[in-house]
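Per-entry structural report
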Amino acid sequence: MAQTSLKKFKKGEIIFKTGDEGDCAYIIDIGRVQIYGENFGVEVPINTLGPGEIFGEMAILDRSGRSASAKALEDVQVSVVSRLQFEQRMDQADPIVRLLVSILLKRMRNNLGQSKDDLDSEINEQKKIEQEQNHSKVIEKIKFEAELFEALANNAFLLYFQPIIHTATNRTVGFEALIRWQSDSRGMVRPDLFMGVAEETSLITPIGKWVFEKACECLKQFQDHLKKIAPQAHDFFVTVNISGKQFSDINFFHMLEVTPAKYGVKEKNIKLEITEKILLEGNIFFYWIEKCRSLGFPVSLDDFGTGYSMLSYLSDFNVDNLKIDQSFIRKIEQDHKTRIIVQAIINIAKGLDIEVVSEGVETEKQARILKDLGCDYFQGYYFGRPMPFADAIKFLDNTCL
Ligand code: C2E
Ligand code: CA
Ligand code: CA
């Protein structure tokens with residue numbers, strides 16, 4: 001791997017000339033450097049740079065020749081930044097950043113009177129097509145992000161609620177809150193299509209906050225409604241999905257602390273769902289889970305069984321619930337091995353005092369098998385699809401009594 005190296009130039013020495021091939025940029029450590037542009041074949045000074053400043057960066061960004069000349073005005077020492085170092089970073093950069101850098105460069109070169117035709121002619125047709133396709137994908141993504149920002153500003157998100165059923169009593173004991181985006185142009189958008197984008201940007205923080213507040217507000221209304229029709233259902237709960245990215249927001253725990261009281265609900269009735277996969281990202285999540293639990297929120301491990309080391313970390317920290325992933329439930333009727341695995345998960349959970357929810361229950365037979373295996377709660381289309389708030393209230397009238 002290339003490292004930054006030092007180079008020295010004597011006063012008056014040419015560092016590079018217009019048109020030279022450029023495979024590195026320079027950061028000035030000592031001395032001053034004069035940059036010259038070319039105007040009708042005449043060299044004109046365009047900038048004088050000193051210690052800490054960078055030059056020669058354009059060639060490493062777009063692989064074309066030097067667009068200016070550089071000369072040492074006095075004895076100069078520079079640190080050399082290789083193209084490799086830059087390319088490694090660029091490869092890791094967000095595609096939107098990459099696109100913006102390339103557009104910016106194209107504009108700068110055009111302003112300098114340097115058409116990119118020379119370079120473009122070297123790029124074969126196929127490569128050009130690929131570049132264009134890639135650009136339009138990135139542009140589509142930027143537009144999608146802009147729409148998401150607007151959706152937040154225009155209150156275009158909704159919470160849907162999917163019932164969670166107690167296997168022993170067949171009663172609805174809670175709802176999972178699931179976000180929807182009601183878009184004018186795209187219709188009702190499901191979260192798997194936009195929450196990933198929200199996580200890549202800062203949007204996950206305000207969207208996550210909106211979900212949490214809305215879920216608390218609706219929980220209060222569910223509980224008030226149940227007081228009238230089913231006073232025994234005093235521990236009715238909602239579950240809220242929390243993205244791993246939300247934990248690193250400095251205001252996240254403050255939000256957890258203040259919001260339940262604001263809406264008159266209790267922490268123990270708000271279950272936080274985190275996907276099993278985030279645990280693979282590091283020990284910090286163990287600490288964060290413990291912090292949520294110490295604030296009084298039950299924590300549920302979502303999509304259980306889709307990670308890679310599920311059993312080992314159950315001994316490393318405490319959770320209150322686990323949700324067996326739909327992929328197991330889908331196969332449980334036909335596949336004997338899946339049944340044995342689910343039985344084992346339920347046995348381990350029972351031994352550790354963890355309640356088990358089966359997600360994605362679509363048939364009566366699946367429900368029967370899961371109940372026989374000792375599952376505590378069901379969730380799935382067989383019992384109820386995610387629905388708007390008003391339908392969820394009506395749903396309670398039939399299933400909570
Ligand atoms: P999830 O947390 O695993 O949510 C369960 C998903 O399974 C929901 O999809 C639900 O509609 C679907 N589902 C439930 N029962 C059945 C069934 O019987 N059959 C089938 N085929 N599907 C069923 P949805 O609402 O599209 O949500 C997808 C994912 O988006 C969620 O998966 C969750 O990871 C994420 N998500 C949803 N709302 C939020 C949110 O407010 N915040 C965050 N961070 N993520 C959310
Ligand atoms: Ca979930
Ligand atoms: Ca799930």
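Residues numbered from 1 in each chain as written. Chains lettered and ligands numbered in written order. Predicted model: local features only at pLDDT ≥ 70, side-chain atom pairs only at ≥ 80, totals over all residues. Heavy atoms only, no water.

For the rest of this paragraph, the subject is the coordination of the calcium ion (ligand 2). Taken together, the protein ligands of the calcium ion (ligand 2) are Glu176 (OE), Asn241 (OD1), Glu273 (OE) and Asp302 (OD), with distances of 2.1 to 2.3 Å. Site description for the calcium ion (ligand 2): donor spacing in sequence, E-x64-N-x31-E-x28-D. In this structure the calcium ion (ligand 3) is found 4.2 Å away from the calcium ion (ligand 2), and Asp302 serves as a bridging donor for the pair. With Glu176 in strand E10 (residues 172-183) and Glu273 in strand E13 (residues 270-275), this pair connects stretches of sequence that are 97 residues apart. As far as the burial class goes, Glu176 and Glu273 line up, both buried. (Donors = N, O, S within 2.8 Å, 3.2 Å for Na, K, Ca; no water. Helix = DSSP H or I, 4+ residues; strand = E, 2+ residues; numbered from the N terminus. Buried < 20%, exposed > 50% of the residue type's maximum accessible area, 1.4 Å probe, protein only.)

Let's shift gears to the domain arrangement of the protein. One can read the domain layout of the protein as domain 1 (1-92), domain 2 (93-138) and domain 3 (155-399). If you look at the interface, domain 1 gives 13 residues, while domain 2 gives eleven residues. Contact between domain 1 and domain 2 buries roughly 990 Å² in total, counting both sides, with carbon and sulfur atoms accounting for 61%. Looking at the side of domain 1 facing domain 2, the largest losses of area belong to Met58, Asp62 and Met90, adding up to 54% of the total buried there. (Domains from an automatic or database assignment. Contact = heavy atoms within 4.5 Å. Buried area = accessible area lost by both parts, 1.4 Å probe.)

Close to ligand 1 lie 22 residues; Arg180, Arg190, Gln326, Glu362 and Tyr381 are nearest. The side chain of Arg190 places a nitrogen or oxygen atom 2.9 Å from an oxygen atom of ligand 1. Asn241 is positioned such that a nitrogen or oxygen atom in its side chain is 3.0 Å from an oxygen atom of ligand 1. Its free accessible area being 790 Å², ligand 1 has 87% of it covered by the protein chains. Among the elements that take part in the shell around ligand 1, E10 stands out by supplying four residues, more than any other. When the residues that make up the shell around ligand 1 are grouped by side-chain class, the tally is eight nonpolar, six polar and eight charged. (Near = heavy atom within 4 Å. Polar contact = N/O pair within 3.5 Å; in protein donor to acceptor, adjacent residues only side chain to side chain. Areas by Shrake-Rupley, 256 points an atom, 1.4 Å probe, with all protein chains shown as cover. Nonpolar A, V, L, I, M, F, W, Y, C, P; charged D, E, K, R; others polar.)

What follows concerns the coordination of the calcium ion (ligand 3). Each protein donor to the calcium ion (ligand 3) is listed here as Asp302 (OD), Asp303 (OD), Glu359 (OE) and Glu359 (OE); together their distances run 2.1 to 3.1 Å. Within one chain, the residues serving as donors to the calcium ion (ligand 3) are arranged as D-D-x55-E.

Here we take up the pairing of strand E15 (residues 321-324). Alternating residues of E15 divide into Asn321 and Lys323 and Leu322 and Ile324, and every residue in both groups is buried. In this sheet, E15 lies alongside strand E14 (residues 299-304) in parallel orientation, the contact comprising three bridges. Paired with Phe304 across the bridge in E15 is Ile324. (Pairing = 2+ DSSP bridges.)

Between helix H7 (residues 204-229) and helix H15 (residues 389-399), the least distance of the axes is 10 Å, while the angle of their chain directions is 30°. Between H7 and H15, the angle is such that the two are roughly parallel. Two packed elements cross with a definite hand, and for H7 against H15 that hand is right-handed. When H7 is examined against H15, the residues Cys218, Gln221, Phe222, His225, Leu226 and Ile229 are found in contact with a partner set consisting of Phe389, Ala392, Ile393, Leu396 and Asp397. (Axes fitted to C-alpha atoms, helices over the stretch in contact; angles between N-to-C directions. Parallel < 35°, antiparallel > 145°, perpendicular 65-115°, else oblique. Left-handed = near helix turned anticlockwise from the far one by under 90°.)

Before going further, it helps to examine the nonpolar core. If you look at the biggest cluster of nonpolar residues, it comprises 84 residues, and the most contacted ones within it are Phe222, Phe247, Leu301 and Leu322. A per-element tally of this core places H7 first, with eleven residues. Those residues in contact with Leu322 that lie beyond four places of it in its chain are Leu301, Phe304, Leu314, Ile345, Ala349, Ile354, Glu355, Val356 and Val357. In terms of nonpolar packing, the next biggest core, distinct from the first, is built from 16 residues, Tyr26, Leu49, Ala68 and Val78 among them. (Core = buried A, V, L, I, M, F, W, Y, C linked by side-chain atoms within 4.5 Å.)

Let's shift gears to the sheet that holds strand E6 (residues 54-55). The four strands are arranged E1-E8-E3-E6 in an open sheet whose pairing can be described as antiparallel. If you trace the sheet from one side to the other, it starts and ends with strand E1 (5-9) and E6, each paired once. Examined bridge by bridge, strand E3 (residues 24-30) and E6 share two bridges and lie antiparallel to one another. When the bridges of E6 are listed, Ile27 appears paired with Ile54. Against the sheet, helix H2 (residues 83-92) makes contact with E3 and strand E8 (76-82), and its axis sits at roughly 45° relative to E8, the strand it touches most.

Attention now moves to the packing of aromatic side chains. In the structure shown here, the tally under the stated rule is 26 aromatic pairs. Ring geometry for Phe16 versus Phe55: centroids 6.0 Å apart, planes at 35°, classification tilted. Residue Phe16 is found in strand E2 (residues 14-16), and its partner Phe55 is found in strand E6; the two are separated by 39 residues along the sequence. Residue Phe16 is classed as buried on the basis of its relative accessible area, which comes to 7%. With a centroid separation of 5.6 Å and an interplanar angle of 10°, the aromatic rings of Phe247 and Trp288 are classed as stacked. With a gap of 41 residues between them, Phe247 in helix H8 (residues 244-247) and Trp288 in helix H10 (residues 284-294) connect regions that are remote in the sequence. One residue, Arg66, lies across the ring of Phe16, its end atom 4.1 Å from the ring centre. The ring of Phe237 is capped by Lys271, whose NZ or CZ atom sits 3.9 Å from the centre of that ring. (Phe/Tyr/Trp six-rings, centres within 6.5 Å; stacked < 30°, edge-to-face > 60°. Lys NZ or Arg CZ within 6 Å of the ring centre and 35° of its normal.)

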